[in-house]
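Architecture and fold: a report
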Amino acid sequence: MSILRFIHISDTHIGTTPDYILYGYSPAVEARRLVDYLNHRLPFEPDFILHTGDVTYDPDPVAYELAWEILRELRYPIYFARGNHDEPDTMRRVLPNLPQGSGRIDYTFAQKGVQFIVLDSFGLVQPRGYLEASQLQWLTQQLEAAAGQPVVVVVHHLPTMTDNPWLDQHMTIENHDALFAALASHRDHIQGVFFGHIHVPSTTFRQGILCSSASAAFSQFIFPDVYPVDRLDVTAPGGFSLVTITPERTWISHHELGA
Ligand SMILES: [Fe+2]
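Residues numbered from 1 in each chain as written. Predicted model: local features only at pLDDT ≥ 70, side-chain atom pairs only at ≥ 80, totals over all residues. Heavy atoms only, no water.

1. Here's the deal with the pattern of salt bridges
Note the following rule: Throughout this description, the term salt bridge denotes a Lys or Arg side-chain nitrogen within 4 Å of a carboxyl oxygen of Asp or Glu. We count a stretch as a helix when DSSP gives it H or I for four or more residues in a row; a strand needs E for two or more, and each element gets its number in order from the N terminus.
Going through the model one piece at a time under the given rule, you end up with 10 salt bridges. Between R32 and E69 there is a salt bridge whose closest N-O contact spans 3.5 Å. Here R32, found in helix α1 (residues 27-40), pairs with E69, found in helix α2 (residues 61-71); they are 37 residues apart in sequence, far enough to count as distant. Where R249 meets E248, a salt bridge forms, and the shortest distance between an N and an O atom there is 2.6 Å.

Set out below in structure tokens:
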């Protein structure tokens, strides 16, 4: 494989109108700024964009139309995972590169010899995540089929416990232990697990597997362990992560959009 570079974005939370405000920010305005930055200010050409879910805030078709009106301006292909705020049928209808069908959006795609396995981690209890037994079976099949090939796993929800009680209680995939039971024996060829949902860039190393989140596109949650949920510090600007994958390494850098 040659060097693969992708941009990890997440949690655009676009509303039904451009003037929708969340946490004091306009997600639509911030998403346009992000698209402009990625199109014109990167000193290289990424292979694609990965959006790890919560494309919209309310799963309203009008919000998806607005989101795609903004994101379609990106000069690069874009792949999506489903977030807890997302509605799968409308996603399939409006957004590109998603498998048709019904129910959860699980699929794979390949870029420069790296196999991406995207799982729909929509939860039984909001806003936590969950993976059904059939999804974990499918994941195992995909990992076995990609033996000897670099693999990236993509979900929306937090796939591991952290050191942060609020995140651990509210944002995790409930059965993350089962997820890692499926992943652990394939750690030698898993180059990372990428996710969103927690609105802050993070890195966790679990059972020999790298887990990484990107900031929300429009703002960040700062130190969510020390603020009550209704008074989260959301003052930091949103951003994105650059991910570089080669046969011997995964390198990630986080970038704020700034003023
Ligand atoms: Fe979310």
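2. Focus: the coordination of the iron ion
What counts is decided by this rule: The donor definition counts N, O and S atoms within 2.8 Å of each metal and applies 3.2 Å to Na, K and Ca; water is not among these atoms, so some sites may look incomplete. A site with four donors is called tetrahedral when every donor-metal-donor angle falls between 85 and 135 degrees; four donors are called square planar, and six octahedral, when opposite donors sit more than 155 degrees apart and all other angles fall between 65 and 115; any other arrangement is irregular. Per-residue accessibility, obtained with a 1.4 Å probe over protein chains only, is compared with the maximum for each type, and a residue is labelled buried under 20%, exposed over 50%, and partly exposed between these values.
Note on the iron ion: its protein donors are D54 (OD), N84 (OD1), H156 (NE2) and H197 (ND1). The metal-donor distances range over 2.1 to 2.2 Å. For the iron ion, the 4 donor atoms are set out with angles of 85 to 169 degrees between them, so the coordination reads as irregular. Summarised as a motif, the one-chain spacing of the donors to the iron ion is D-x29-N-x71-H-x40-H. Taken together, the residues D54 in the loop between β2 (48-51) and α2 and H197 in the loop between β7 (190-195) and β8 (202-206) connect sequence positions 143 residues apart. The class for D54 is buried, based on a relative accessible area of 1%. Overall, H197 belongs to the buried group, its relative accessible area being 3%.

3. Re the sheet that holds strand β1 (residues 4-9)
Selection criterion: Any two strands with at least two DSSP-identified bridges between them are counted as paired. Angular values range over 0 to 180 degrees, each being the angle between N-to-C directions of two axes fitted as lines to C-alpha atoms, with helices fitted over their stretch in contact.
The mixed open sheet is built from 5 strands, whose spatial order is β3-β2-β1-β10-β11. Strand pairing shows two members of the sheet lacking a second neighbour, β3 (78-80) and β11 (249-256), which therefore form its edges. Going from strand to strand, the sheet's axes swing by 25 degrees on average, the running direction of each strand aside. Looking at chain direction, β1 and β2 are connected through 4 bridges and run parallel. Residue pairing across strands places I9 opposite H51, the latter belonging to β2.

4. Observations concerning the sheet that holds strand β5 (residues 114-118)
Quick reminder of the rule: Whether two residues touch is decided by their heavy atoms; if any such pair falls within 4.5 Å, the residues are in contact.
Spatial strand order, β4-β5-β6-β7-β9-β8: 6 strands in an open sheet with mixed pairing. Bordering the open sheet on either side are β4 (107-111) and β8, each of which pairs with just one other strand. Between one strand and the next, the sheet's axes are offset by a mean angle of 20 degrees, whatever the strand orientation. Where β7 lies against strand β9 (residues 209-213), 3 bridges are found, and the strand directions are parallel. Each bridged residue has a counterpart across the sheet, and for V193 the counterpart in β9 is C211. Sitting on the sheet, helix α4 (residues 133-145) touches β4, β5, β6 (151-154) and β7, and the angle it makes with β5 is about 180 degrees. Helix α6 (residues 176-184) contacts β6, β7, β8 and β9 of the sheet and is inclined by roughly 130 degrees relative to β9.

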